[in-house]
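Structure assessment
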Amino acid sequence: MIRLLPLALAAVVSGQAVASDDGSPGPLRIRVTPALSACGGALRDAFGEVSHAPVALDVDEASGVAGADLLIADSAELTRILEGGLADERTAVVLGDVAWVTVSPPEQPAPSSLAAFIAAAPSRVAILGGAAGREARATIGLPPTRLAVSRDAAELRSARHALLPRSLAGPGRQVVVDGLSPLTVVAAPVIGSPHPAEVRSFLQFLGGRAARRAFEACGGEPQASATRLRSDAGYAQAVMDWWVPACSLAHNAYNHPVQVLGPPDAMNTGGKDEYTGMMSLGQGGWVVVDMGRPVVDHPGADVRVYQTTSSEPVTLYASDSPSGPFRLVQLMRTCGIPSPGVFSNHCDFDLANAGIASARYLRVEDGEIYPCLAGTTVTEGADIDAIAALAP
Amino acid sequence: MSAARRLAFLALLASACGDAVTVPPPPSPSPTPSPSSPAPGLLRGSYVLRVEAAPECQVAESGASFVVQASPDATGRYPGVQAVDALPVPALELELLDGGVAVRGGIGTTGGVRSTTGTFVWLELVASGDVSVGSDGVAEVLSGSAAGFVEFGANPNDEGGLGTCKSVAHAWSLRRQ
């Protein structure tokens, strides 16, 4: 669960630096990933103005938590950290989204599409490296000789032609790219931090207007402006089949497929790996469910998968028969959109992608494909809470 | 595995291999495994895993190879096969549902994995393929299909530097070393 702080909640922050609970010296240490370095700086400055508390900010990958009290990253960059229990998912805060934009010189006309942008780019296009940029790199469809892959914020910001999260975009003409999922920005407190009071103070600050303004200033869109969610119209009724690799069955703790039935009800009951109400699919595992009646294709999304931990990707297939053949609806969709009022995150699917009008049986498959033997938790693979048909 | 259970299992595997492709009916059960209908558990030992990026991919390398060790695992809900590049903690791991005549499952890496030619590769794939058994009794996957991400880089910190491709038309093979 990642909290959605009510933005109306005013930050109540002391005007003086807060002493650490254990008296550990030093400032609050925030680590922000390169994609969000500008947001980290803006939030640090805004927090400093209201709290006068010292903050140390470092820009690095979210590959570990050593030396950090709190991480700010795209949810896809935090999967291993959150699932591994290194940061506290229960008290983590979603700040909002950062859209992907093309950046062109201001003297050029605004490209009408990504294809038009590519056609107008005379040479190399700068693009974000690392996990946060993977979908964008796969989407742009340019050979590596025409890409400048980087995680250096200054280098990316200075590029004349670029495909970047808005938080990294330079001064050129920016056009939002349809079809690329925005970054979901999460602030996650490190478990065992020696500065818990400072962390609490910062998380409280994130619910206030100053933090909202700072986030908007770095290109973010706070959650309050997010599109209203469509409502669920029905849930998976029965499990028809499932498979999880034996390795994952042996290592994971949540192997019961019936947990994906009914409305979303997964919860973290108080610590690392302590969950109820979900099924972890392991490395490439899947579950086939009967929705009870055909899910009909309507304009827009038709199926919602509730996925509990972080934004682990999910693949969805659909069929009119429990034994298939199944048609691919969407491959490895990042599944980490916060669900207001629900513990689990979610991702939506459109049956039109499979070219089918309706389907009663759905196969939900892990899209993380993380090596089982390298896993460090009992929740490896996408964690499925519920599967819903959406109202038209 | 009994003939009836084998037939049911083949139907299961066929249903799992969809992706907008009409799956043919399962073959007639045979009490005696033959080279055309191998039983689960024959993929074992040292193999070369080859992953070929889809033809439409804009990547610097057409593919990459890795040496893996495969071992069957019959302790799950259905028979499976696991193949890894190293133990106890692999950087590359295949976890496949083993239907005897065909396999299907995930091929994943923990980060950039060095291929036999020195390129670093990131994989998140769902792969399927038919199992062939030669006259020497060695089982292989000569040509399979895979969907997902393939990325290439010059070093472990260069994810995507030599190309990133998400496709449903990648190819793979698992041939005896």
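Residues numbered from 1 in each chain as written. Chains lettered and ligands numbered in written order. Predicted model: local features only at pLDDT ≥ 70, side-chain atom pairs only at ≥ 80, totals over all residues.

Turning to the overall build of chain A, a few remarks are in order. Scanning chain A for helices and strands turns up eight helices and 23 strands. Here chain A has a C-alpha radius of gyration of 21 Å; the compact-globule value for 392 residues is 21 Å, and the two agree. In terms of principal-axis extent, the alpha carbons of chain A reach across some 60 × 55 × 40 Å. Relative to its 392 residues, chain A shows a buried fraction of 56%. (Helix = DSSP H or I, 4+ residues; strand = E, 2+ residues; numbered from the N terminus. Rg over C-alpha atoms; globule rule 2.2 N^0.38 Å. Buried ≥ 20, exposed ≤ 12 C-beta atoms within 10 Å, placed from the backbone.)

Residues and elements named next belong to chain A. Looking at the secondary structure, you find A187 in strand β10 (residues 183-189). By the C-beta count within 10 Å, which is 30 here, A187 ends up buried. Separated by 74 residues in sequence, A187 and S113 place their C-alpha atoms 32 Å apart. Dropping the residues within four chain positions of it, A187 is found in contact with L70, I72, A92, V93, L95, L203 and L206. (Contact = placed C-beta atoms within 7 Å.)

Let's shift gears to the interface of chain A and chain B. On the chain B side, the residues contacting the 38 residues of chain A number 49 residues. At the level of elements, α4 (134-140), β13 (238-243), α8 (246-251), β19 (314-319), β20 (327-333) and β22 (358-366) of chain A are the ones that each hand at least two residues to the side of chain A that touches chain B.

Residue and element names in this part refer to chain A. If you walk across this open sheet you meet the five strands as β13-β17-β22-β19-β20, and the pairing is antiparallel. Looking along the sheet, the strands with just one partner apiece sit at the ends: β13 and β20. Strand after strand, the sheet turns through a mean of 25° between neighbouring axes, direction not considered. Inspection of the sheet shows β13 paired to strand β17 (residues 286-296) by five bridges, in the antiparallel sense. (Pairing = 2+ DSSP bridges. Axes fitted to C-alpha atoms, helices over the stretch in contact; angles between N-to-C directions.)

Below, the discussion takes up the domain arrangement of chain A. Residues and elements named next belong to chain A. Looking at chain A, the domain boundaries give domain 1 (28-95 + 185-225), domain 2 (100-176) and domain 3 (232-390). The gap between the C-alpha centroids of domain 1 and domain 3 is 29 Å. Across the contact, twelve residues belong to domain 1 and 13 residues belong to domain 3. By residue number, the principal contributor to the side of domain 1 that touches domain 3 is helix α2 (residues 79-83), which donates three residues. The class makeup of the residues in the side of domain 1 that touches domain 3 is four nonpolar, five polar and three charged. (Domains from an automatic or database assignment. Nonpolar A, V, L, I, M, F, W, Y, C, P; charged D, E, K, R; others polar.)

A separate point is the nonpolar core. Residues and elements named next belong to chain A. Counting 98 residues, the largest nonpolar core has V303, V305, L316, L362 and I387 as its most contacted members. Those residues in contact with L316, other than ones at most four positions away along the chain, are V303, V305, V329, Q330, F349, L362 and V364. Core analysis: the second largest hydrophobic core is formed by 71 residues, A76, W100, A153 and V185 among them. (Core = buried A, V, L, I, M, F, W, Y, C linked by C-beta atoms within 7 Å.)

Residues and elements named next belong to chain A. Spatially, the six strands line up as an open sheet ordered β2-β1-β3-β10-β4-β11, and their pairing is mixed. Each edge of the sheet is formed by a strand with only one pairing partner; in this case those strands are β2 (55-59) and β11 (220-222). Within the sheet, the average angular offset between the axes of one strand and its neighbour, ignoring direction, is 25°. Bridge analysis of strand β1 (residues 28-32) against β2 gives five bridges, and the strand direction is parallel. Looking at β2, one finds that L28 is bridged to V55.

Here we take up the packing of helix α1 (residues 37-51) of chain A against helix α7 (residues 209-217) of chain A. Residues and elements named next belong to chain A. One way to put it is that α1 packs onto α7 with a least axis distance of 8 Å and a crossing angle of 155°. Between α1 and α7, the angle falls in the class roughly antiparallel. Every pair of crossing elements has a handedness; the one defined by α1 and α7 is right-handed. Mapping the contact onto sequence places C39, A42, L43, A46 and V50 in α1 and A210, A211, A214, F215 and A217 in α7. In terms of residue class, the contact of α1 with α7 is made up of ten nonpolar, no polar and no charged. (Parallel < 35°, antiparallel > 145°, perpendicular 65-115°, else oblique. Left-handed = near helix turned anticlockwise from the far one by under 90°.)

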